[in-house]
Amino acid sequence: MFRFILRRLLETIPVMLVIVTAAFFMIRFLPGGPFLSEKSLPPEVQRNLEAHYGLDQPLGRQYLSYLGDLSPKRLMPHRLFADTDGDGHFDFDLKAAFGIDFGPSLRYANRSVNEVIAGALPYSLELGGWALLVALVVGVPLGVLAAVGRNTWLDYIGSGVSLLGLCVPTFVLGPLLVLGGAIYLQQFNASGWEEPRDRVLPAVALGLAYAAYVARLTRGGMLDMLSQDFIRTARAKGASELRIVLRHALRGGLLPLVAFLGPAAAGILTGSFVIERIFQIPGLGRQFVNSAFTRDYTMVVGTVVLYAGAVVIFNLAVDIVQVWLNPRLRFDS
Amino acid sequence: MLRLSPNSDRLPPPPPAAAELERGSSLGRDAWRRLRRNRLAVTAAVFLSVLLLACALLPGLLGLSYSAQDLNLRYAAPGPGHWFGTDRLGRDVLARLLFGCRISLAVGLAATVVSLTIGVTWGAVAGYVGGKLDTVMMRIVDIVYALPFTVFVILLMVFSDAFAKSHNLGPTWNILMLFVAIGAVEWLTMARIVRGQVLTLKRMEFVEAARVLALGHGRIIFRHLLPNLLGPVIVYTTLTIPGVMLLEAFLSFLGLGVKAPMSSLGTLIYDGQLEMESHAWLLLCPGAVFSLTLLALNFLGDGLRDALDVRASAD
């Protein structure tokens, strides 16, 4: 198990290196620069700015020094969620926790990319968390009920929701929810992120598509389990149907779901680009799209690296949990 | 399935009786029969055909234009004259929908072809050659698979946007880049499926026979192996198109895909949700068309999978 984790950790290093390199050079070869857009600066000012941010150095040297700033130097994960400035919210302090420094933002004067990310990420994380919760809370019971009541009306409700999630994408569902919940029913705000009820519509819009997948996977896994011998044994023992489903079948039936959580988390992270735009949530997705448009080099590369890192770590965690749940996988490869 | 592929230049043509016999139970005909019995798939196919025909013919027949403005008739509700109403500039929503569908379907098909070409070639070569090359090629697929590729597609589109602006390229350039950007990330699953199939197929007798005939590797891959892969490839292609259309709409929604004055379903949905408060049909019409198209493509794909009896998983 330890060797497996170590090997997977080592494998992530080249992956991250490829991502950093691709993002770094892609954004650098774009025509236009961070100081060009709004008003044209006098050439001396521009030169000074470039010198200040080190953009006048040869590209190769910039790349190497960036890699140096980026590589983790310490391992203090508890400081990631520490509240350093004492405002009651956790600060996502990558520098204090791992020594990762994304450098200064080129568009926000006097703010580092780390600070901008720390300001925006909590919104995205909270949105993603709620969405994942919606996906599981709606999806798992639907899937279980559909499997238990196979080919009855329960099953048809389950497939109905699955179809809805399959063919109504988030950017249609989001506006529809605003139309229904905020404009006709007047129960919710059309946008914003202040009151607790502001979380409802974005989380449902983002989570429902995944609830459909979760329901389908759970149904498949449960059907698989319910036809196993040990279920028959449990029935023969006289266990109640409820106990059979919840105690015996559910554990194995949820296995396929675990494998899906990796891609789902990645999808929810990037899916929030659209939701943050529709509901005007100041999260990281909006920040990323904006900074790509304004050529904020360091901001773009920083967010890409952060997203990629999150996805890689999530996939790793899912792999480990899977091996832990299913020992047969340990001897694979 | 297990038949010698015809090689007209090396083997004498097979006797006609054998060809007759073979035609009696061809894979394609069986599949067609099964597909026709699947009502959902047939409905989906009919819907898609009607949509395609409408996109291709209706604008010409009715003399519709996606950019013609009638400022006296802004925000007209759906009714005779303008079946789906008009928008903020008095443009006919039906016309914009039909042209938008054209672009969305064209992007969907073309990007799928791009991803199909890359994926099939990649998977076939990896599976056929095997060994170290296979390991390396599939590791690359694994690595790319682990990337948050939406992020990279966005970067790629911003890149192409800036390039188009500095070189004065028209909106067609953007659509071309959409093909490339989407095709470049959607080929992975196809490569995996094709590789798996090639791994089993290459051990079969007809490949051995082809090798005995001293045929080149390229010829064996493209003439003998690929035709046997058609089933899974067709099925997965049908299921890729909705994914690609989703990605296109997603990008257009973020302002990175199709640019005005052209419209795609994604830009129409974006424009619609800006004004849905007072004019709901501007959102509902393109949203409904988009959802129905996705639904039909998924049903057709599922039907094809059942008909061709492919065991590949849906996801």
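Predicted, not measured: the structure shown is a model, and the values here were computed from it.

For the structure shown, the criterion picks out 13 aromatic pairs over all chains. Judged by centre distance (5.4 Å) and plane angle (55°), the ring pair of Phe24 of chain A and Tyr63 of chain A falls under tilted. With Phe24 of chain A in helix α1 (residues 2–28) and Tyr63 of chain A in helix α3 (residues 59–70), this pair connects stretches of sequence that are 39 residues apart. By the burial criterion, Phe24 of chain A is buried, and Tyr63 of chain A matches it. Ring plane angle 55° and centroid distance 5.1 Å describe the contact between Trp122 of chain B and Trp187 of chain B, whose orientation is recorded as tilted. Within this pair, whereas Trp122 of chain B is found in helix α4 (residues 93–129), its partner Trp187 of chain B is found in the loop between α7 (171–186) and α8 (188–201), the two being separated by 65 residues in sequence. Ring pairs connect the aromatic residues Phe24, Phe25, Tyr63 and Tyr66 of chain A, which therefore count as one cluster.

Note: most residues except glycine have negative phi, and most peptide bonds are trans. Residues and elements named next belong to chain A. Unlike most non-glycine residues, Gln186 shows phi in positive territory, near 60°. You can see Gln186 is positioned in the loop between α7 (170–184) and α8 (200–226). Residue classification places Gln186 among the exposed positions, given a relative accessible area of 58%. Positive phi, close to 55°, is recorded for Gln280, a residue that is not glycine. Residue classification places Gln280 among the partly exposed residues on the basis of a relative accessible area of 46%.

As a further point, take a nonpolar patch on the surface. Residue and element names in this part refer to chain B. The grouping of Leu53, Leu57, Leu61, Leu62 and Trp83 at the surface amounts to a nonpolar patch, some 580 Å² of accessible area in total. Within the fold, Trp83 resides in the loop between α3 (39–62) and α4. The class of Trp83 is exposed, set by a relative accessible area of 53%.

All names here are of chain A. It is at 9 Å that the axes of helix α12 (residues 284–293) and helix α13 (residues 297–325) come closest, and there the two elements cross at 140°. Classified by the angle between their axes, α12 and α13 sit oblique to one another. Where α12 crosses over α13, the handedness of that crossing is left-handed. Touching Leu284, Gly285, Gln287, Phe288, Ser291 and Ala292 of α12 are Met299, Val300, Thr303, Val304, Leu306 and Tyr307, all from α13.

Our next topic: the state of the cysteines. Two cysteines form a disulfide when their sulfur atoms are joined by a covalent bond. Scanning the entire structure with this criterion turns up zero disulfides over all chains. Take Cys167 of chain A: it sits in no disulfide, and the sulfur closest to it among the cysteines is that of Cys101 of chain B, at 15 Å. Residue Cys167 of chain A is classed as buried on the basis of its relative accessible area of 7%. The thiol of Cys101 of chain B is unpaired, and the distance to the nearest cysteine sulfur, on Cys55 of chain B, comes to 4.3 Å.

Moving on to the layout of surface pockets. Residue and element names in this part refer to chain A. The calculated volume of the second largest pocket comes to roughly 1,400 Å³. Looking at the second largest pocket, it is lined by 41 residues, and the ones nearest its centre are Val305, Leu306, Gly309, Ala310 and Ile313. Elements that contribute at least two residues to the lining of the second largest pocket include exactly α1, α3, α4 (94–98), α5 (113–148), α11 (255–278) and α13. Top element by residues in the lining of the second largest pocket is α13. It accounts for 10 residues. For the lining of the second largest pocket, the residue count by class is 35 nonpolar, six polar and no charged.

With that settled, consider empty space enclosed by the protein. All names here are of chain B. According to the stated counting rule, one finds three cavities of 30 Å³ or more in the structure shown. Counted as a void, the largest cavity has a volume near 140 Å³. If you go around the largest cavity, the residues you meet are Asp87, Arg88, Arg91, Val93, Arg96, Leu268, Asp271, Gly272, Glu275, Leu282 and Pro286. Those elements that place two or more of their residues in the lining of the largest cavity are α4, α11 (265–274) and α12 (281–308).

Tallied over the full model, the rule gives six salt bridges over all chains. Residue Arg235 of chain A pairs with Glu241 of chain A through a salt bridge whose shortest N-O separation is 3.0 Å. A relative accessible area of 41% places Arg235 of chain A in the partly exposed class. Look at Glu241 of chain A and you get partly exposed, because its relative accessible area is 41%. Here Arg195 of chain B makes a salt bridge to Asp134 of chain B, at a shortest N to O gap of 2.7 Å. Of this pair, Arg195 of chain B sits in helix α8 while Asp134 of chain B is found in helix α5 (residues 131–145), placing the two residues 61 residues apart along the sequence. According to the relative accessible area criterion, Arg195 of chain B is partly exposed, its value standing at 22%. Using a relative accessible area of 8% as the deciding quantity, one classes Asp134 of chain B as buried.

Moving on, we come to the interface of chain B and chain A. Counting residues at the interface gives 41 residues for chain B, matched by 42 residues for chain A. Together, the buried faces of chain B and chain A total about 3,600 Å²; carbon and sulfur atoms form 82% of this surface. Taken together, the links from chain B to chain A amount to zero salt bridges. There are three residue pairs in polar contact (both at pLDDT 80 or more) connecting chain B and chain A. Every element with two or more residues in the side of chain B that touches chain A is listed here: α5, α6 (149–167), α10 (217–253), α11 and α12 of chain B. Examining the composition of the side of chain B that touches chain A, we find that 12 residues originate from one element, α6 of chain B, more than from any other.

What counts and what doesn't
- Residues numbered from 1 in each chain as written.
- Chains lettered and ligands numbered in written order.
- Predicted model: local features only at pLDDT ≥ 70, side-chain atom pairs only at ≥ 80, totals over all residues.
- Heavy atoms only, no water.
- Phe/Tyr/Trp six-rings, centres within 6.5 Å; stacked < 30°, edge-to-face > 60°.
- Helix = DSSP H or I, 4+ residues; strand = E, 2+ residues; numbered from the N terminus.
- Buried < 20%, exposed > 50% of the residue type's maximum accessible area, 1.4 Å probe, protein only.
- Patch = residues over 30% accessible without salt bridge, like charges linked within 9 Å, V, L, I, M, F, W, Y side chains within 5 Å.
- Areas by Shrake-Rupley, 256 points an atom, 1.4 Å probe, with all protein chains shown as cover.
- Salt bridge = Lys/Arg side-chain N within 4 Å of Asp/Glu carboxyl O.
- Axes fitted to C-alpha atoms, helices over the stretch in contact; angles between N-to-C directions.
- Parallel < 35°, antiparallel > 145°, perpendicular 65-115°, else oblique.
- Left-handed = near helix turned anticlockwise from the far one by under 90°.
- Contact = heavy atoms within 4.5 Å.
- Disulfide = S-S within 2.5 Å.
- 1 Å grid on protein atoms, 1.4 Å probe; cavity = no way out; pocket = protein on both sides within 12 Å on 5 of 7 lines; lining within 4 Å.
- Points joined across faces, edges and corners; volume = space filled by probe spheres on them.
- Nonpolar A, V, L, I, M, F, W, Y, C, P; charged D, E, K, R; others polar.
- Buried area = accessible area lost by both parts, 1.4 Å probe.
- Polar contact = N/O pair within 3.5 Å; in protein donor to acceptor, adjacent residues only side chain to side chain.

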